[in-house]
Amino acid sequence: MSLDETRTATQSLHPIDAAPRPGVLLIDHPDPRFVGTARVIGSGESVVLGRGSEALIPGVFVDSRISRRHATLTSRGNTLTLTDHDSRNGTLVGGVPVESCQLSDGDIITLGPVLLMVRWMKTDRVVPPRGGLVGISAALAEALALVDRVARRPVTVLVVGEPGVGKELIAQELHRRSARPGALVAVNSAGIADGVVSSELFGHTRGAFSGATGPRSGLVESARGGTLFLDEIGDASPLMQASLLRLLQQREYRPVGADRAIKADVRFVAATNRRMVEAVSAGEFRSDLYSRLSRCVILLPPLRERPEDILPLARHFAARFANRPVGLSHSLALVLLRHDWPGNVRGLEGIIERIALENEDCTVLPEPPWLADALSLQGGTPAVAAPAAPKSTGRPSVEALAAVLRRHRGNVSSVAAELGVGRNTLYRWMRGYELSLASFRDADSR
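Residues numbered from 1 in each chain as written. Predicted model: local features only at pLDDT ≥ 70, side-chain atom pairs only at ≥ 80, totals over all residues. Heavy atoms only, no water.

### Remarks on helix 3 (residues 167-178)
Consideration 1: Along its twelve residues, helix 3 runs 17 Å from first to last C-alpha, staying within 8% of the 16 Å computed at 1.5 Å per residue.
Consideration 2: Burial in helix 3 covers these residues: Lys167, Ile170, Ala171, Glu173, Leu174, His175 and Ser178.
Consideration 3: Looking at the packing, one finds that the buried side of helix 3 touches helix 2 (138-150), strand 11 (157-160), strand 12 (184-188), strand 13 (227-231), strand 16 (267-272) and strand 17 (296-299).
Consideration 4: Looking one or two residues beyond helix 3, the residue adopting positive phi is Ala179, at roughly 65°. (Helix = DSSP H or I, 4+ residues; strand = E, 2+ residues; numbered from the N terminus. Expected span 1.5 Å × (residues − 1). Buried < 20%, exposed > 50% of the residue type's maximum accessible area, 1.4 Å probe, protein only. Contact = heavy atoms within 4.5 Å.)

In structure tokens:
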């Protein structure tokens, strides 16, 4: 049985329409074929993770750095708990070693070279992405499923998402799957001056105006038999909006200077990063045009809301720039996962391109020394801030406890609050590890 067949057979344990349940999604692995494997964990179920375990699918946990009985995931009600079984190399959550902790949506679990992300999921089936739309998130899968449903229908589609999320890639996929023989023609709706809107969109005849020395086809004619992609539609001028409304209503246009209208054999796809309902309410966008554009809306969430797509995208870009498959070091992967990516996919692409160009002979990209500064210039949450220890349901490792003590400079109240335990429990743990508060307080004064 092939890997894809095994994945399909294994990932069919839970119904698609079930309520979201806690589970884990494999986001990084030495063998990239395993990335995207998911497992929903039913209430009352315990799943053992360890070398040779088939908790996800066979072959995932084979590395010698993973103990045979490494850790257990236990679901109770709507909570998910991770327990380490004194594994040789430890179990990390958010980069912090733990003995036992309650997990939250988005937490990153490290077992040897394997990274798992905790996600609340409706199904453990993952729809494989296509073309340039790379990722393993449910949000991307839902967007692509909607593309499949409407691609061959003449309905107008509005793609909504922040700058850099890949709205034009959705338009390209819609066009590709539509099987229309014409071209995909992109229009910057905000970049056409009012004085030339009609000529740019609809073309003109010879002598239609001063300087029209010959006939010229407009953008609508260029897209005949294909797709007209109206990018940045939310920023279109009032005149541009009026011109597009007539085009969408009548499905015909008249070149400047022409006597008769021409049938518009075009499929329309628009894209915006604006909140269109608010723009309509504020009188900044025509409600009748919005009604025409929003017959089908495809939402593409920002990268910070689908962090499971970060590493697949990073590997995709690294392979493209290196012209061969390239891996990511563990430290680089964790830094990328901790960043908010306000520039979305476009921002991630720029960072990976620079790293790949500087390490063109490497098979695994390292974390470069300039990465923290580069990501801080992008804005968002600092990417390399020390991760907080998860709320513990058991004693943390000595390394994890020391890290929290060091971060709070030996302040007992602050450490106890972060770990979610009482002061007496904290003192008992410190005695067991022979840790002295004075050493952490003194370290700050030296």
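### Digging into the sheet that holds strand 17
Consideration 1: Here five strands make up an open sheet; going across it, the order is 12-13-16-11-17 and the pairing parallel. In this open sheet, the two edge strands, each paired with only one partner strand, are strand 12 and strand 17. With strand direction ignored, the average angle separating the axes of adjacent strands in the sheet is 20°.
Consideration 2: Both strand 13 and strand 16 contribute to a ladder of four bridges, which runs parallel. By the bridge assignment, Leu230 is partnered in strand 16 with Ala270.
Consideration 3: Helix 3 rests against strand 11, strand 12, strand 13, strand 16 and strand 17 of the sheet, and its axis sits at about 165° to strand 16. (Pairing = 2+ DSSP bridges. Axes fitted to C-alpha atoms, helices over the stretch in contact; angles between N-to-C directions.)

### Some thoughts on the pairing of strand 13
Consideration 1: In terms of burial, strand 13 is largely enclosed, as four of its five residues are buried.
Consideration 2: Two elements, strand 12 and strand 13, share five bridges in a ladder whose sense is parallel. Its bridge partner lying in strand 13, Val185 is registered against Leu228.

### A closer look at the side chain of Ser397
Consideration 1: Relative to the assigned elements, Ser397 resides in the loop between helix 12 (371-378) and helix 13 (398-407).
Consideration 2: Beyond its immediate stretch of four places on either side in the chain, Ser397 contacts Pro97, Glu99 and Tyr433.

### Considerations on the packing of helix 2 against helix 3
Packed helices, taken two at a time, are described by the angle their axes make and the gap between the axes.
Consideration 1: Taken N-terminus to C-terminus, the directions of helix 2 and helix 3 make an angle of 35°; their axes are 9 Å apart at the nearest point. Considering the relative orientation of helix 2 and helix 3, their crossing is right-handed. Where helix 2 approaches helix 3, its residues Ala143, Val147, Asp148 and Val150 are matched on the opposing element by Ile170, Glu173, Leu174 and Arg177. (Left-handed = near helix turned anticlockwise from the far one by under 90°.)

### Let's talk about the nonpolar core
Consideration 1: Of all hydrophobic cores here, the largest spans 63 residues; its most connected members are Leu116, Leu336 and Leu348.
Consideration 2: Here this core takes seven residues from helix 9 (residues 310-322), the largest share from any one element.
Consideration 3: Setting aside residues no more than four positions away along its own chain, Leu116 makes contact with Val24, Leu25, Leu26, Ile27, Leu49, Leu56, Phe61, Asp107, Ile108, Ile109 and Leu111.
Consideration 4: Of all hydrophobic cores here, the second largest spans 30 residues; its members include Leu158, Phe202, Leu219 and Ala279. (Core = buried A, V, L, I, M, F, W, Y, C linked by side-chain atoms within 4.5 Å.)

### Considering helix 2
Consideration 1: With 13 residues, helix 2 ought to run about 18 Å at 1.5 Å a step, and its terminal C-alpha atoms sit 19 Å apart, in line with that.
Consideration 2: Here helix 2 has its buried residues at Leu140, Ala141, Ala143, Leu144, Leu146, Val147 and Val150.
Consideration 3: Here the buried face of helix 2 lies against strand 11, helix 3, strand 16 and strand 17.

### Overview of the packing of helix 9 against helix 11 (residues 344-358)
Consideration 1: Contact geometry for helix 9 and helix 11: axes closest at 9 Å, N-to-C directions at 45°. Classified by the angle between their axes, helix 9 and helix 11 sit oblique to one another. The chirality of how helix 9 crosses helix 11 is right-handed. Side by side, helix 9 and helix 11 meet where Ile310, Leu313, Ala314, Phe317, Ala318, Arg320 and Phe321 of the first sit next to Val345, Leu348, Glu349, Ile352, Glu353 and Ala356 of the second.
Consideration 2: Partitioning the contact of helix 9 with helix 11 into residue classes produces ten nonpolar, no polar and three charged. (Parallel < 35°, antiparallel > 145°, perpendicular 65-115°, else oblique. Nonpolar A, V, L, I, M, F, W, Y, C, P; charged D, E, K, R; others polar.)

### Brief notes about the pattern of salt bridges
Consideration 1: In the structure shown here, the tally under the stated rule is 16 salt bridges.
Consideration 2: Note that Arg119 is salt-bridged to Asp105, the shortest N-O span being 3.2 Å. Placement of the pair is Arg119 in strand 10 (residues 114-121) and Asp105 in the loop between strand 8 (100-103) and strand 9 (108-111), with a sequence separation of 14 residues.
Consideration 3: The salt bridge partner of Arg176 is Glu173, with a shortest N-O separation of 2.7 Å. Here Glu173 and Arg176 lie together in helix 3, a separation of three residues that amounts to about one turn.
Consideration 4: On the accessibility criterion, Arg176 (51% relative accessible area) is exposed.
Consideration 5: Residue Glu173 is classed as buried on the basis of its relative accessible area, which comes to 5%.
Consideration 6: Where salt bridges share partners, they join Asp105, Arg119 and Glu308 into one cluster. (Salt bridge = Lys/Arg side-chain N within 4 Å of Asp/Glu carboxyl O.)

In short, shape yes, function no, at least from these values alone.
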